[in-house]
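# Results of the structural survey
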Amino acid sequence: MATTDRTIRVGTTNVTIRTSNRTTLGVTVTQHGNVIVHGPPTTTDADATALVNRRRSWIYRQLAHLAKTAPDDPLKKLVPGTGFDVLGRRHRLRIVPDINQNEPLIQLRSIPTGSWLHIRCSTALKTDEARRTLINFYADTGLEWLEVNLPQIAAKTPNRNLAATFSTRMRTAWTRNHTSRGLTLHRATAQLHPHLLRELIHRTLNLHTIANTHDLNNALRTLWLGRLTPPENTHPRPHSTSTTSGHCPDCSASPATFHTDRCDIARCAHTGLQRAHCHPGNTCNTIWTGQIPGRAECTEYGFYCRPVPGGYEPCNADDPDAMHDLNRLYRECRWDRAAQRMILRPDTWPPHASRDQPRKVRP
């Protein structure tokens, strides 16, 4: 017998009555918050209403759980400095001129200055193209991670040849395990820390728990699903030493107040490097001064660079596309814990810049 649906109103809740060749009544709440009563062809509106009223407490608990665990679906801005998590590591966005980059998107990793995603200006101008580029980047990143880690995970399952992939089309589930096609993961899960990503796979495959499930659920809620706003300005950020609003561009801390714990701009008070839970408690947090850390020192010592094909080269402050060379700052200076700033090493004074060799940045 074909399945038939009709909708009734029970109190303030819309209820779908779905009849088929089953013989009993039952009620389910879908992951979209829809209440469905399943029953035989003889199910009446009164039967469905009575069942919903009897199960009202259970239905409300399910709806409350869905509201608590539903993704926040944050909205990202296509502006320089926007944060994107890649396998648990925060990357900041940088919009670069087309002449300096052939690929739509390049991932750059650099310990002193953090990690970056360089997106071409022409790509950033087209919001839909930028969204597809970022979504495909996450799927490709996840596939690379699976190539390394899937054999170890598959060894814990009856199927040692377990197939797995990342999908750019999944909408309503984080994972799906098919008997013949294998495991499919939502591309957004490539934003998770590898430990949490493993836990998600273990959960899907009914393997043992390796991470805190509450941490995983909270992380899943904050994943970016693809919502973007057009760029306000597609030109690379100039080498200024302060922000327009005076607040930290990452955590929005006001001047003379501490950064938040997960701020990627904050530096460790003990080492001067990017702060990432490097010391217990709040002992190494620093105060937002209204200036990006290190830029004042770069201006003082004349450390500037500009993008060239394949990397960056030293330049003067007034050269086109000049930006503060934070990599050179950390290479030629040391952190003065008392002064809370970078100072030149004795063997690097006076500072000098060589234009002979461009400095490569590992993609």
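Shown above is the structure to which this text applies.
What you are looking at is a predicted structure, and each value in this text was computed from that prediction instead of being measured. (Residues numbered from 1 in each chain as written. Predicted model: local features only at pLDDT ≥ 70, side-chain atom pairs only at ≥ 80, totals over all residues. Heavy atoms only, no water.)

## Some remarks on the nonpolar core
Ranked by size, the top nonpolar core spans 41 residues in total, and within it Phe-84, Leu-146, Leu-192 and Ile-201 carry the most contacts. With residues up to four places along the chain from it excluded, the contact list for Leu-192 reads Leu-87, Gly-88, Leu-197, Leu-200, Leu-216, Ala-219, Leu-220 and Leu-223. Counting twelve residues, the second largest nonpolar core, distinct from the first, contains Val-15, Val-29, Ala-48 and Leu-51. (Core = buried A, V, L, I, M, F, W, Y, C linked by side-chain atoms within 4.5 Å. Buried < 20%, exposed > 50% of the residue type's maximum accessible area, 1.4 Å probe, protein only. Contact = heavy atoms within 4.5 Å.)

## As for the sheet that holds strand E12 (residues 182–186)
Two modes of strand pairing occur in sheets, parallel and antiparallel, and in both the strands are linked by backbone hydrogen bonds. Strand order across the open sheet formed by three strands is E10-E12-E11, with mixed pairing between neighbours. Of all strands in the sheet, those with a lone pairing partner are strand E10 (164–167) and strand E11 (175–178), marking the two edges. Pairs of neighbouring strands in the sheet enclose a mean axial angle of 20 degrees, with direction left out of account. As judged from the four bridges shared by E11 and E12, these two strands associate in the antiparallel manner. Within E12, the position partnered with Arg-176 by the bridge is Thr-184. Strands in contact with helix H4 (residues 127–154) are E10 and E12; relative to E10, the strand with the most contacts, it is inclined by about 165 degrees. The sheet contacts of helix H5 (residues 194–204) involve E10, E11 and E12, and relative to E12 the element is tilted by about 135 degrees. (Pairing = 2+ DSSP bridges. Helix = DSSP H or I, 4+ residues; strand = E, 2+ residues; numbered from the N terminus. Axes fitted to C-alpha atoms, helices over the stretch in contact; angles between N-to-C directions.)

## Observations concerning the side chain of His-324
Structurally, His-324 is set in strand E18 (residues 323–324). For His-324, the side chain forms a polar contact with the side chain of Thr-299, separated by 3.0 Å. (Polar contact = N/O pair within 3.5 Å; in protein donor to acceptor, adjacent residues only side chain to side chain.)

## Observations regarding the packing of H5 against helix H6 (residues 213–221)
Interaxial distance between H5 and H6 falls to 10 Å at its minimum, and their mutual angle equals 105 degrees. The angle between H5 and H6 places the two elements in the roughly perpendicular class. When H5 is examined against H6, the residues Leu-196, Glu-199, Leu-200 and Arg-203 are found in contact with a partner set consisting of Thr-213, Asp-215, Leu-216, Asn-217, Ala-219 and Leu-220. Class assignment of the residues belonging to the contact of H5 with H6 gives a composition of five nonpolar, two polar and three charged. (Parallel < 35°, antiparallel > 145°, perpendicular 65-115°, else oblique. Nonpolar A, V, L, I, M, F, W, Y, C, P; charged D, E, K, R; others polar.)

## Thoughts on the sheet that holds strand E2 (residues 13–19)
Read from one edge of the open sheet, four strands run E1-E2-E4-E3, paired in mixed fashion. The open sheet has two free edges, formed respectively by strand E1 (4–10) and strand E3 (26–29), since each of these has just one partner strand. This sheet shows a mean twist of 25 degrees between the axes of neighbouring strands, independent of strand direction. Here helix H1 (residues 45–54) sits on the sheet in contact with E1, E2, E3 and strand E4 (35–39), set at roughly 60 degrees to E1.

## Here we look at the environment of Arg-221
Note that Arg-221 resides in helix H6. Assessed through its relative accessible area of 24%, Arg-221 is described here as partly exposed.

## Focus: the packing of aromatic side chains
Scanning the entire structure with this criterion turns up four aromatic pairs. Ring centres of Phe-84 and Trp-224 lie 5.3 Å apart, and the angle between their planes is 85 degrees; on these two criteria the pair is classed as edge-to-face. With Phe-84 in strand E6 (residues 83–86) and Trp-224 in the loop between H6 and strand E13 (228–229), this pair connects stretches of sequence that are 140 residues apart. Given a relative accessible area of 1%, Phe-84 falls into the buried group. Centroid distance Tyr-301 to Phe-303: 5.7 Å. Interplanar angle 55 degrees. Geometry classified as tilted. Using a relative accessible area of 0% as the deciding quantity, one classes Phe-303 as buried. Three or more aromatic residues joined by ring pairs form one cluster here, namely Phe-84, Phe-137, Tyr-138 and Trp-224. The aromatic ring of Trp-58 is capped on one face by Arg-55, whose charged end is 4.7 Å from the ring centroid. (Phe/Tyr/Trp six-rings, centres within 6.5 Å; stacked < 30°, edge-to-face > 60°. Lys NZ or Arg CZ within 6 Å of the ring centre and 35° of its normal.)

## Focus on the pairing of strand E9 (residues 114–120)
For a regular strand, side-chain orientation follows a simple rule: the groups alternate between the two sheet faces. Counting buried positions along E9 gives seven out of seven residues, so the element sits mostly inside the fold. Of the strand pairs in this sheet, strand E7 (residues 89–96) and E9 are connected by six bridges, and their pairing is parallel. Bridge pairing in E9 links Leu-93 to Leu-117.

## Quick look at the pattern of salt bridges
Under the defined criterion, the tally for this structure stands at nine salt bridges. A salt bridge links Arg-341 to Glu-300; its shortest N-O distance comes to 2.8 Å. Here Glu-300 lies in helix H7 (residues 295–301) and Arg-341 lies in strand E20 (residues 341–344), a separation of 41 residues in the sequence. Judged by relative accessible area, which is 52%, Glu-300 ranks as exposed. With a closest N to O distance of 2.8 Å, Arg-306 and Glu-313 form a salt bridge. (Salt bridge = Lys/Arg side-chain N within 4 Å of Asp/Glu carboxyl O.)

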